[in-house]
Amino acid sequence: MSRGFVSPLHAHFVHQGLRWGFDLGFCPDKLPGTHYFKNYESAIDAKVEVSKNIHQRLTNHKSYSLFPFESNSFRSQLSSFLPSWCVFPLGAVPKSTEPGVFRPISDHARTGFNDASNDEHLKHSLRSASEIARYLKDSYYMAVHDVDAAFPLLPLSPILWPYFLFVWSPLPEDDAGGENEGGGGEWIHWHVCGDFGAKGLPGTFKIFFSDVVIGMARSEGALSLEMPIHVDDMAIIGRVKALVDREAASLEDFLESLGTPVKPSKHKPGAQRQFVIGFWWDSVQRSRSLEETKVIEYISVFSSFALKKSLSLKELQQAAGRLHRAAMTLPPGASCLLSNLFALTRGLARPHSRRRVSKEGREDLNWAAHLLSLNEGKGYFSYSHFPRAPLVATDASKSSRYVGGGYLSFCGLYSRLRILLAVFSRWNIRSRELGRTRRQLPRVGEEEEYYSSLPHFRRQPSKATLSLPRRLPSASALLFPSLPHLVIVLVLATCIEHLFAKRDTYRTIRQVRHRGISIAISACTPPC
């Protein structure tokens, strides 16, 4: 702390948690009574893998067995020494990086534990993708580490143990009985260290590992290079491969000495093309790409969901998550496709709750599938190596005497359009201004001298742009219809579009606020 690498507040938080256990912001008064839930079919189907994981936890004293589970008497046995308790349901999800391997998950949302937790002081944002894009400079190398069993490293406060009860066989898979739940093969266990599914664990682990442990590593000289962290994944970035590998080995030894080992099988030595957080990062081409199997999967999901009349909350969340990752390979501004999906989730609380898919949401899913099929899951995380083209100014007007717009390029290209039909004169000025830029981009792309250059569009905001409504739905309803068309034109013309706001406003159109908005549009094409 005296060297300035670790905050005293974070150090005190971790010291108290390691000494007495982390409480994860849980309030016991908000979850009275007793609750029991059966395990999910996903856990039963992956019984061998789940049994391996639980047996390993029991061996490492991360969990403990209490007594055999009997459906007729377990409630009275638990209530004899626990006034309130919860038996959460176990599930299993496949690991994306290890085919055929399943990870047990604990559904604490079903028991109400997550709703009874106040994690305001534990909330944080994952900025690993933007940090990698910032630190991974031209021809740099990146090595990858992964912490072994990250959340089970954190001890839980004893007040949480009664709410981390579950039912499973304590024996390894070769001795586990085949009896159904409630038979002689199951026991009541409880976790005394973290699992996967509790609300406050990600924030607690971030303070423990990113803010304290890595701060200690920098203080002791075990790490000096930039290292973005995504939960338990570490990406060490540097200019020289030998230095990156040496620091990765030094950090591994330091973490091993603190009892936070890394997975040897997940270690990847320094390389200019590296796979981390679900993307292939190429420091030479400055590209960020999805795996080919993921591209096919995402296109299939978007297309199938667009054909459904209604979607459950779980399906909407799956579509939004995949669309967010797909948008990271599309031109900046493609995040506008997420707006209608987020609107559909409003008011839904349970995973099975369903909502009719709106026309706009269906169109967004179709747009996403089409755009992803065009760029094949490959985009750019940096445009610093792209050359620039002459300045282009665009504008639109709507008055009683003139309705239209145009553009003017410093290279000599220009165009204007005057609309005389009354029906078109009723177009909203915001949509018209975006539409003028949308019509101008293909013209620029057709010019041979522009193909390998970066057209930069800049215009002064009109009164209509500056007077966006205070209510977000009103603003989004006016702006979003033009944005997907603008994105598709840019992808077809192999362009990259960038929408951004002033420094004092948020950068995404989904978060457009009421004033001070200045939308500037720039486009670029990949260099030859």
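Refer to the structure above for everything that follows.
Residues numbered from 1 in each chain as written. Predicted model: local features only at pLDDT ≥ 70, side-chain atom pairs only at ≥ 80, totals over all residues. Heavy atoms only, no water.

Engineer: Summarise the sheet that holds strand E12 (residues 273–276); cite the residues concerned and give the values.
Structural biologist: Strand order in the open sheet formed by four strands is E12-E13-E14-E17, and the pairing between neighbours is antiparallel. What marks the edges here is a single partner per strand, and that holds for E12 and strand E17 (378–380). Averaged over neighbouring strand pairs, the angle between their axes works out to 25° when direction is ignored. Two elements, strand E13 (residues 279–282) and strand E14 (residues 287–289), share three bridges in a ladder whose sense is antiparallel. If you follow Trp 280 over to E14, its bridge partner there is Ser 289. (Pairing = 2+ DSSP bridges. Helix = DSSP H or I, 4+ residues; strand = E, 2+ residues; numbered from the N terminus. Axes fitted to C-alpha atoms, helices over the stretch in contact; angles between N-to-C directions.)

Engineer: How would you explain the sheet that holds strand E10 (residues 233–238) if you had to name every residue and give the values?
Structural biologist: On the basis of which strands lie adjacent, the open sheet formed by four strands has the order E9-E10-E6-E11 and antiparallel pairing. Each edge of the sheet is formed by a strand with only one pairing partner; in this case those strands are strand E9 (229–230) and strand E11 (268–271). Examined bridge by bridge, E9 and E10 share two bridges and lie antiparallel to one another. Paired with His 230 across the two strands is Asp 233, which belongs to E10. Sitting on the sheet, helix H8 (residues 241–257) is in contact with strand E6 (141–146), E10 and E11, with an inclination near 15° to E6. (Contact = heavy atoms within 4.5 Å.)

Engineer: Go over the layout of surface pockets with me, naming the residues and quoting the values.
Structural biologist: A volume near 660 Å³ is recorded for the second largest pocket. Of all the elements in the fold, those that place two or more residues in the lining of the second largest pocket are helix H3 (47–59) and strand E5 (102–106). The greatest single-element share of the lining of the second largest pocket, amounting to six residues, is contributed by H3. Counted by class, the lining of the second largest pocket contains 14 nonpolar, six polar and 11 charged residues. (1 Å grid on protein atoms, 1.4 Å probe; cavity = no way out; pocket = protein on both sides within 12 Å on 5 of 7 lines; lining within 4 Å. Points joined across faces, edges and corners; volume = space filled by probe spheres on them. Nonpolar A, V, L, I, M, F, W, Y, C, P; charged D, E, K, R; others polar.)

Engineer: Outline helix H12 (residues 359–375), supporting the account with residue identities and numerical values.
Structural biologist: With 17 residues, H12 ought to run about 24 Å at 1.5 Å a step, and its terminal C-alpha atoms sit 25 Å apart, in line with that. Among the residues of H12, those classed as buried are Gly 361, Asp 364, Leu 365, Trp 367, Ala 368, Ala 369, Leu 371, Leu 372 and Asn 375. One or two positions beyond H12, positive phi appears at Glu 376, with a value near 55°. (Expected span 1.5 Å × (residues − 1). Buried < 20%, exposed > 50% of the residue type's maximum accessible area, 1.4 Å probe, protein only.)

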